[in-house]
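Chain by chain, the residues:
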Amino acid sequence: MTFTFFFQNVVNALQWGSFYALIALGYAMVYSILMLFNFAHGDIFMVGSYIGFGVATGLLYLVTSGFIPLPHWLVLVLTIVISMFLTSFVGVIVERIGYRPLRNAPRASAAITGLMIGIILETGNLALLGARRLNFPSLIMSRTYEIGGVFVTNKKILVVLVSIGLMLALDQFVRKTKWGMAMRAMSYDFVVVPLMGVSIDVIAPLTFAIGSGLAAAGGVLYGIAYPILDPYMGILIGWKAFVAAILGGRGSIMGAALAGFLLGFIEIFVAMIFPSTLRDLIAFSIVLAILTFRPYGFFGKPYSAKLRL
Amino acid sequence: MLLEVKNLRVSYGNIKALHGIDFQVDEGEIVCIIGANGAGKSTTLRAISRMVEVEEGTQMTFMGKDMLKYKPEKVVSELGISHVPEGRRLFGNLTVMENLKLATFARKDKEKIKKDMERMFSIFPRLEERKNQEAGTLSGGEQQMLAVARAYMSAQRVMLLDEPSMGLAPKLMLSMFDSLAEISREGTTILLVEQNARLALKFAQRGYVLETGNLVIEGKSEDLLNDPEVKKAYLGG
Ligand SMILES: Nc1ncnc2c1ncn2[C@@H]1O[C@H](COP(=O)(O)OP(=O)(O)OP(=O)(O)O)[C@@H](O)[C@H]1O
Ligand SMILES: [Mg+2]
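A quick note: this is a predicted structure, and the numbers were derived from the prediction, not measured.

Thresholds applied
- Residues numbered from 1 in each chain as written.
- Chains lettered and ligands numbered in written order.
- Predicted model: local features only at pLDDT ≥ 70, side-chain atom pairs only at ≥ 80, totals over all residues.
- Heavy atoms only, no water.
- Near = heavy atom within 4 Å.
- Polar contact = N/O pair within 3.5 Å; in protein donor to acceptor, adjacent residues only side chain to side chain.
- Areas by Shrake-Rupley, 256 points an atom, 1.4 Å probe, with all protein chains shown as cover.
- Helix = DSSP H or I, 4+ residues; strand = E, 2+ residues; numbered from the N terminus.
- Nonpolar A, V, L, I, M, F, W, Y, C, P; charged D, E, K, R; others polar.
- Pairing = 2+ DSSP bridges.
- Contact = heavy atoms within 4.5 Å.
- Axes fitted to C-alpha atoms, helices over the stretch in contact; angles between N-to-C directions.
- Buried area = accessible area lost by both parts, 1.4 Å probe.
- Salt bridge = Lys/Arg side-chain N within 4 Å of Asp/Glu carboxyl O.
- Donors = N, O, S within 2.8 Å, 3.2 Å for Na, K, Ca; no water.
- Buried < 20%, exposed > 50% of the residue type's maximum accessible area, 1.4 Å probe, protein only.

Draft legend 1. Just the site of ligand 1, in detail. For ligand 1, the set of nearby residues contains 16 residues, the closest of which are Asn 37, Lys 41, Ser 42, Thr 43 and Glu 86 of chain B. Residues close to ligand 1 are split across chains A and B. One of the backbone N or O atoms of Gly 40 of chain B is found 2.9 Å from an oxygen atom in ligand 1. For ligand 1, whose accessible area on its own is 630 Å², the fraction buried by protein is 74%. Secondary-structure elements contributing two or more residues to the shell around ligand 1 are β2 (15-25) and α1 (41-48) of chain B. Of all the elements, α1 of chain B adds the most residues to the shell around ligand 1, at four residues. Grouping the constituent residues of the shell around ligand 1 by class yields five nonpolar, six polar and five charged.

Draft legend 2. Representation of the sheet that holds strand β5 (residues 65-66) of chain B within the structure. Residue and element names in this part refer to chain B. With antiparallel pairing, the four strands of this open sheet are ordered in space as β2-β1-β4-β5. Edge positions in the sheet fall to β2 and β5, since each of these pairs with one other strand and no more. Relative to strand β4 (residues 59-62), strand β1 (residues 3-12) runs antiparallel, the two sharing four bridges. When the sheet's bridge partners are listed, Glu 4 is paired in β4 with Thr 61. Contacts from α1 reach β1, β2 and β4, with the element oriented near 115° to β1.

Draft legend 3. Expanded view of the interface of chain A and chain B. On the chain B side, the residues contacting the 24 residues of chain A number 23 residues. The contact between chain A and chain B buries some 2200 Å² in all, and 67% of this surface belongs to carbon and sulfur atoms. On the chain A side of the contact with chain B, Leu 195, Met 196 and Leu 309 of chain A bury the most area, a combined 33% of that side's loss. Ionic pairing is found between Asp 201 of chain A and Lys 71 of chain B, a salt bridge with its closest N-O pair at 3.4 Å. Linking chain A to chain B there are six residue pairs in polar contact (both at pLDDT 80 or more).

Draft legend 4. Inspection of the coordination of the magnesium ion (ligand 2) at higher detail. Residues and elements named next belong to chain B. The magnesium ion (ligand 2) binds to the protein through Ser 42 (OG) and Glu 86 (OE); the donor distances cover 1.9 to 2.3 Å. Separated by 44 residues along the polypeptide, Ser 42 in helix α1 and Glu 86 in the loop between β6 (81-84) and α3 (96-102) bring together distant segments of the chain. The class for Ser 42 is buried, based on a relative accessible area of 10%. Assessed through its relative accessible area of 33%, Glu 86 is described here as partly exposed.

Worth remembering: the numbers are spatial, not functional.
As structure tokens, then:
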């Protein structure tokens, strides 16, 4: 294995891991405050990608028809921002209709509801747009740079930088703002949070909104990197991001992001060595082996949540 | 009457915890509810905070308002009733300062918040020394101070205190009650539940005795301290 080959794969793994990380954040955030996994989250990524498709198409139409002369980079930025914003409402609705009524129900009910919402989003998409696959409009001209024999495209740089930027922003939000503080408090003991004058009905939708917005950013970036969209595109990637969230440590937000990147690395490097048909099998065996030694993931703590006052 | 509770009934599934109790708290008072393990003391406070559902027929009014219309967070932010829960329940992953700030989440009165914070740091100087430390690493006594200070920061018209003496050495216990007396002198009404009946009755002006979900005796603290039944059951003869 040559050095350049190795670094080529590092670059690929960083991009691949970015998608997992962006999606895993939403799983981890919701889990950390409500102790439930939102199994519709992979499909929210899909919805985000489709919303991105719509926004990008609309903006490009406005530009090419001469209504608003926007520079290309601005179309890109606006597509990401508007898609994140719109998809966050999908998250809010999912929380409101799907999960809020089940807040005190057994966790299995919430899991089934999540799967159901996922199916609704998939079939809703099918009903609305039909079975044909969509081509994500090209928002940036592909350009390839060669650095010491390693080929890096501007799209990969974009994916990785935007993802890392969003993660750092989220980290600051969770650490510095009062809403972030409330989220951290909820992750420790959500029962007492109302006694602080904080409404869980504010923090929960906010958390879903942020998680969904990040998934939408992932969806748009995914569309830019792999411009074919289909209604089931969120399922497998969603499950893998879920695994990353577990690997990071249930409820550990930044742990989930790091584990997302790690999973990207594992997959890419497994595919580098073994036949790619075995990729998922071997990658997941590695994940299982890690979890055998660290059952709470990398940053998770074995704690028993207090369920009542 | 500031707080008026009539026929308060609470059940946990099939277990009846409160069988319809009546009590009142007036503005500026210190009132205590004493009783043995499992009598329903904590449940009473949870009911006022709206943290447990009450049963049909229960009436609770606060300054003439029907409390049953309020959600837990509104009891704090709109009615001004704070609650130091059983077992303190601090956010161990947040610093002392963050615990206090979080309690002001719904408050808009910036100037007053600053004043209140200074007030708490002057009553509990230890908290200021430890303000950047995670709450989970505080000693038991410091945690109790933080629990009281945090509740005060959230609302201060009325404070509900669930066993503030629990787990404190006798000396710390006394200084904790001195601090509470100071808070009370500044106009906060206090409703306290305690297993340590002697301490509670010395601190409070009035008291109620709760026995397996029923209020059996009520009166002025000095009368209760001299009541033969109370003496026998709660004050060690
Ligand atoms: N969440 C709950 N589920 C079921 N039963 C409960 C619950 N909380 C309290 N109980 C029961 O309700 C009764 C009253 O409990 P409560 O906690 O109010 O007592 P307490 O007077 O505060 O006791 P202690 O002095 O031990 O704190 C007890 O019989 C208790 O077992
Ligand atoms: Mg109790």
